[in-house]
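Summary of structural features
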Amino acid sequence: MPVPQFLLDLLALLYALAIPAATLTLVAAGLSLRNDGGMHFHVNGKTGKWIMWTIILLTVPQILQWIGAQGINIPSNPGGISATWIATVSTAFQKFVSLVLSGFVPVAAAFMVLKATLDTAAGDNPLSSVIAAIFLLAIPATKSMMQGWNSGSDTATFDMLQSLWNYIANQVMPAAAGLAVVGAVASSVQKKPFMRYVFAALGFLCLSGLNQLVKAMANS
């Protein structure tokens, strides 16, 4: 039985909007990072949830491919959108995402920088706002990098999660360790407690080893 054209149009709309929607979830992750980032990062925070949705949206074709492999008939190539109003929705949404990237994101990042300045003036930690500003400005590059992690297989979602972990452990954590060392030196000069920064730097550098240690303990 052939698939109705309306359903094919909706499937084509899903394919067309998946990547722009992933861009919006990255924007939401960047805004949430202000509250979840820095010293107050939570594994179950909003940032992690938005990143997870980004990965799901970027691997929609592979998820549908896996569903099709289970015996459910899902066209792998629905073609173009035949219904004019659905095509208009797709075009309007993509234009909206472009406006968000070009107009809203730079302003939001600028407000994050302002918030970092105010945090410093108030004697608070500006790290959360700085990290959020950097993340927002790097959204196009982040999305391209994550798309490069797409293996194209049925398990692309989990492969992308593994690639994200490897990137955090091998690229982000060494840089964070360097910042922790700078924080330790600055605290030492100001005669403030600095050992927590030292231990944080050691933890960042040993993150992969600590993960393997926990796995070994769990399997023993």
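Refer to the structure presented above.
The rules behind these values
Residues numbered from 1 in each chain as written. Predicted model: local features only at pLDDT ≥ 70, side-chain atom pairs only at ≥ 80, totals over all residues. Heavy atoms only, no water. Helix = DSSP H or I, 4+ residues; strand = E, 2+ residues; numbered from the N terminus. Rg over C-alpha atoms; globule rule 2.2 N^0.38 Å. Buried < 20%, exposed > 50% of the residue type's maximum accessible area, 1.4 Å probe, protein only. Contact = heavy atoms within 4.5 Å. Areas by Shrake-Rupley, 256 points an atom, 1.4 Å probe, with all protein chains shown as cover. Lys, Arg positive; Asp, Glu negative; His and termini not counted. Charge placed at Lys NZ, Arg CZ, Asp CG, Glu CD. Phe/Tyr/Trp six-rings, centres within 6.5 Å; stacked < 30°, edge-to-face > 60°. Core = buried A, V, L, I, M, F, W, Y, C linked by side-chain atoms within 4.5 Å. Salt bridge = Lys/Arg side-chain N within 4 Å of Asp/Glu carboxyl O. Axes fitted to C-alpha atoms, helices over the stretch in contact; angles between N-to-C directions. Parallel < 35°, antiparallel > 145°, perpendicular 65-115°, else oblique. Left-handed = near helix turned anticlockwise from the far one by under 90°. Nonpolar A, V, L, I, M, F, W, Y, C, P; charged D, E, K, R; others polar. Arc of directions from axis to C-beta.

1. Observations regarding the overall build of the protein
The number of helices and strands found in the protein is 9 helices and 0 strands. Mapped from its N terminus to its C terminus, the protein presents α and β elements in the order α-α-α-α-α-α-α-α-α. Its C-alpha atoms give the protein a radius of gyration of 21 Å, more than 25% over the compact-globule value 17 Å for 220 residues. Seen along its three principal axes, the alpha-carbon backbone of the protein occupies a region of about 75 × 50 × 25 Å. Burial statistics for the protein: of 220 residues in total, 31% are counted as buried. If you take every contact in the protein between residues at least 6 apart in sequence, the share linking residues at least 24 apart comes to 74%. Here the protein has roughly 13,200 Å² of accessible surface; of this, 70% comes from carbon and sulfur atoms. In the protein, the 10 positive side-chain charges and the 6 negative ones have mean positions that sit 13 Å from each other.

2. Brief notes about the packing of aromatic side chains
Applying the stated criterion across every chain, the model contains 1 aromatic pair. Taking 5.8 Å as the distance between ring centres and 55° as the angle between the ring planes, the aromatic pair formed by Trp149 and Tyr167 counts as tilted. Here Trp149, found in the loop between α6 (139-148) and α7 (156-189), pairs with Tyr167, found in helix α7; they are 18 residues apart in sequence, far enough to count as distant. The exposure class assigned to Trp149 is buried, which follows from its relative accessible area of 17%.

3. Examining the environment of Tyr15
Mapped onto the fold, Tyr15 is located in helix α1 (residues 5-36). Spatially, the C-alpha atoms of Tyr15 and Leu202 are 43 Å apart, while their sequence positions differ by 187 residues. In this structure, Tyr15 is in contact with Pro61, Leu64, Pro75, Ser76 and Pro78, ignoring residues within four places of it in sequence.

4. Regarding the nonpolar core
Note on soluble globular proteins: their nonpolar side chains tend to be buried together. The biggest cluster of nonpolar side chains holds 24 residues, and the ones touching the most others in it are Ile51, Phe135, Leu136 and Met146. For this core, the secondary structure elements donating two or more residues are α1, α2 (46-58), α4 (84-121), α5 (127-137), α6 and α7. Sort the elements by how many residues they give to this core and α1 lands first, with 6 residues. Apart from residues no more than four positions distant in its own chain, Phe135 is found in contact with Leu26, Ala29, Gly30, Leu33 and Ile51.

5. Quick look at the pattern of salt bridges
Pairing between side chains of opposite charge can happen when the charged atoms of each approach one another. Tallied over the full model, the rule gives 2 salt bridges. A salt bridge links Arg34 to Asp119; the nearest nitrogen and oxygen atoms lie 3.4 Å apart. Of this pair, Arg34 sits in helix α1 while Asp119 sits in helix α4, and the two are 85 residues apart along the sequence. Taking relative accessible area as the criterion, Asp119 reaches 6% and is therefore assigned buried.

6. As for the packing of α7 against helix α8 (residues 195-205)
Where α7 contacts α8, the two axes come as close as 8 Å, and the packing angle between them is 170°. Comparing the axis directions of α7 and α8 gives the class roughly antiparallel. Once α7 is placed against α8, the crossing between them reads as left-handed. In this structure, α7 contributes Met173, Pro174, Ala176, Ala177, Ala180, Val181, Gly183, Ala184 and Ser187 to the contact, and α8 contributes Tyr197, Val198, Ala201, Phe204 and Leu205. Looking at the contact of α7 with α8 residue by residue, the class counts come to 12 nonpolar, 2 polar and no charged.

7. Observations regarding α6
Considered for burial, the residues of α6 that qualify are Ile139, Thr142, Lys143 and Met146. Down the axis of α6, the sector holding all buried residues measures 100°, keeping them to one side. Opposite the packed face of α6, turned more than 90 degrees from it, sit the exposed residues Ala141 and Gly148. Contacts made by the buried residues of α6 are with α1, α2, α4, α5 and α7.

8. What about the packing of α1 against α5?
The contact between α1 and α5 brings their axes to 7 Å, and the two run at 170°. By the angle class used here, α1 and α5 are roughly antiparallel. For the pair α1 and α5, the contacting residues are Leu26, Val27, Ala29, Gly30, Leu31, Leu33 and Arg34 in the first and Ser128, Ser129, Ile131, Ala132, Phe135 and Leu136 in the second. Each residue belonging to the contact of α1 with α5 can be placed in one class, and the counts come to 9 nonpolar, 3 polar and 1 charged.

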